[in-house]
Amino acid sequence: MIVKTIFSGFGGQGVLMMGYSFAHGAMSEGYEVTYLPAYGAEVRGGTANCTVAVGDEEIASPIASEPDYLVVLNTPSLYTFQNRIAGGGLLFLNSSIISARPSRQDMEVFAVPASDIAEELGNARAFNTVMMGAFLKRTSLVKPEIYLKSLETVMGSKKKAVVEINRKAFSAGYDFLKA
Amino acid sequence: MQGNRIIGEAAIRAGCRFYAGYPITPQNEIPEYMAENLRKVEGGVFIQSESEIAAINMVAGAASAGARAMTSSSGPGISLKQEGISSMAAQELPGVIVNMMRGGPGLGNIRPSQGDYFQATRGGGHGDYRTIVLAPGTCQELADLTMDAFDLADRYRIPVVLLADGMIGQMMEPVVFKEPKPRQYSADYVLKGAGTGKAKTIKGLILDPLDMEEHNWKLDRKYRVIAAKETRCEIFNTDEADIVVVAYGTAARVAKGAIKRLGDHGIKAGLFRPISLWPFPTEELRRLAGTRKEFFVFEMSTGQMLEDVRLALQGYADIAFHGRPGGVVPTPVELANVIVRQYRRDR
């Protein structure tokens, strides 16, 4: 089994952090894992994306020709990647700021109003963690407790408030999708 | 851990105590890691030099004084370092030079590429010399080969080039650092300062042509020993293969992904992956040509390693080629489609 996920959005939305923390969590679960950021002359407000491959066998290519899962945080990312996703793949989108929907019918779409949920919790910036909650609820690749520990490790923040809001945001996203 | 940072950590664990470099994307995390961590070990010195040429000459200086020393750069910066690498080859100084390749020629771009194969495997600078060239394909290999590079540099008193690219430098994979071997080298060349025994010189200027010729043959004998003893490669899935893909580094990863998909098209494919680019694993590849007749070379260049493959196979087998130069990394699906087309055309 090898599953590949592309996370994509504006620079500054935390796209790379989502991929990195997910990869770290998958590693803690004992999977083989690769994390590949798109690098370049990236700027805040530009586009950013990363590819995470998770498997129980050697991962040959860290590049995803046809990602199984796609997490998009802005509309340009949806247009860029919607045709790459594998048939039967899962698409998670932040419906608070993306009104467009893919024209393809051969995938399952999860519209999560992540920014609205995060704002209600008191920190709009935590919307990426809301998305991660929904993503991991549906994909079950990393257990919530393990993911949250990885998130805290890679963020390196000792501020209790940051840890608290991320835990709340994750749970809200996790509970938003029915099992 | 990120590829570039892995190189830094592996180097420090291998006993590297001197690093000099000048920033260039996509390898900046190497000097960043060295700046942060080299000072934490006893005797560790980090210098952000004023230029690439200064960096390689500082590495030569540190090597003359007996230190394990390293510098790193990418394409344009490596070109600048060639004068120093040629000097180190002449002076038989050990050292590790990391090249995280990017699109070229010229300043090119900062995307992953394999266009520096000729430069790395043919010496790169002026004069009659070679450097050992190791090409890691995974983050784990970055760790292992960085350590091995220091051992090889000491064993043969030779500059060793670690040749990878922006993709492997930027990506992250889990990694386990092996226990470094105790350093073994003959320190008789090391300059220790005045009053510490017989006077020694390390020089590359040998004006008498007969003396220079003798020195060239001496280096050549060393290179022959290395060519005989230090080839490395990975052979994957070739037993039943109809077609053998030859690729190294990042291209080999894409190729492996493509090979897994070729089964769906009813094509059995295997992979021959050189890990040492110089010395090139010629004998190993030739042995394979004894049983397999169809080879497919894939590089992120217009075809450089292709020449070494042709030299190795010498007409014994058919060789097809696919290249994506300039900083393009194709997907495994794209490569698989090209191989399928090639395979069908031949039938």
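These figures come from a predicted structure and were not determined experimentally. (Residues numbered from 1 in each chain as written. Chains lettered and ligands numbered in written order. Predicted model: local features only at pLDDT ≥ 70, side-chain atom pairs only at ≥ 80, totals over all residues.)

## Here we look at the overall build of chain A
1) Next: Assigned secondary structure in chain A consists of six helices and six strands.
2) Next: In terms of overall size, chain A behaves like a compact globule, its C-alpha atoms giving a radius of gyration of 15 Å where 179 residues would be expected to give roughly 16 Å.
3) Next: Per-residue burial for chain A yields a buried fraction of 45% across its 179 residues.
4) Next: Put simply, 59% of the contacts in chain A that link residues at least 6 apart link residues at least 24 apart. (Helix = DSSP H or I, 4+ residues; strand = E, 2+ residues; numbered from the N terminus. Rg over C-alpha atoms; globule rule 2.2 N^0.38 Å. Buried ≥ 20, exposed ≤ 12 C-beta atoms within 10 Å, placed from the backbone. Contact = placed C-beta atoms within 7 Å.)

## Details of the overall build of chain B
1) Next: The secondary structure content of chain B amounts to 12 helices and 12 strands.
2) Next: For 347 residues, the compact-globule estimate of 2.2 N^0.38 gives 20 Å, and chain B sits close to it at 20 Å.
3) Next: Dimensions of chain B, computed from C-alpha atoms along their principal axes, come out at roughly 75 × 45 × 40 Å.
4) Next: The burial tally for chain B puts 51% of its 347 residues in the buried class.

## Observations concerning the confidence of the model for chain A
1) Next: Within chain A, residue pLDDT values average 94, and 97% of them lie at 70 or more.
2) Next: Within chain A, helix H2 (residues 75-81) of chain A has the poorest average pLDDT of any element, 94, and strand S4 (residues 69-72) of chain A the best, 98. (pLDDT = per-residue confidence, 0-100.)

## Examining the interface of chain A and chain B
One frequent convention defines the size of an interface as the accessible area lost when the parts assemble.
1) Next: Each side of the interface is counted separately: chain A has 15 residues, and chain B has 17 residues.
2) Next: Sorting the residues of the side of chain A that touches chain B by element identifies helix H1 (15-28) and strand S2 (32-37) of chain A as the ones contributing at least two each.
3) Next: Among the elements that make up the side of chain A that touches chain B, the one with the highest residue count is S2(A) (five residues).
4) Next: In terms of residue class, the side of chain A that touches chain B is built from 10 nonpolar, four polar and one charged. (Nonpolar A, V, L, I, M, F, W, Y, C, P; charged D, E, K, R; others polar.)

## Comments concerning helix H12 (residues 332-345) of chain B
Residues separated by three or four positions in an α-helix point in the same direction, a consequence of the helix having 3.6 residues per turn.
All names here are of chain B.
1) Next: Relative to the 20 Å expected for 14 residues at 1.5 Å per residue, H12 spans 20 Å between its end C-alpha atoms, a close match to the ideal helical length.
2) Next: Among all positions of H12, only Pro332, Leu335, Ala336 and Ile339 are buried. Viewed along the axis of H12, the buried residues span an arc of 100°, placing them on a single side of the element. Turned more than 90 degrees from where H12 packs its buried face, Arg341, Arg344 and Arg345 sit exposed.
3) Next: Buried residues along H12 sit against strand S8 (243-246), helix H9 (249-262), strand S9 (269-274), strand S11 (294-299) and strand S12 (318-323). (Expected span 1.5 Å × (residues − 1). Arc of directions from axis to C-beta.)

## Let's talk about unusual backbone geometry
Across the chain, the bulk of peptide bonds are trans and the bulk of non-glycine residues have phi less than zero.
1) Next: For the peptide bond that leads from Gly104(B) to Pro105(B), omega is 5°, which places it in the cis range.
2) Next: The topology assignment puts Pro105(B) in the loop between strand S4 (95-101) and helix H5 (117-121).
3) Next: Here the bond from Trp278(B) into Pro279(B) is cis, since omega is 0°, no more than 30 degrees from zero.
4) Next: A positive phi is found at Ser140(A), a non-glycine position, where the angle reads about 55°.
5) Next: With respect to the helices and strands, Ser140(A) occurs in the loop between helix H4 (127-139) and helix H5 (144-155).
6) Next: For Ser140(A), a count of 9 C-beta atoms within 10 Å gives the class exposed.

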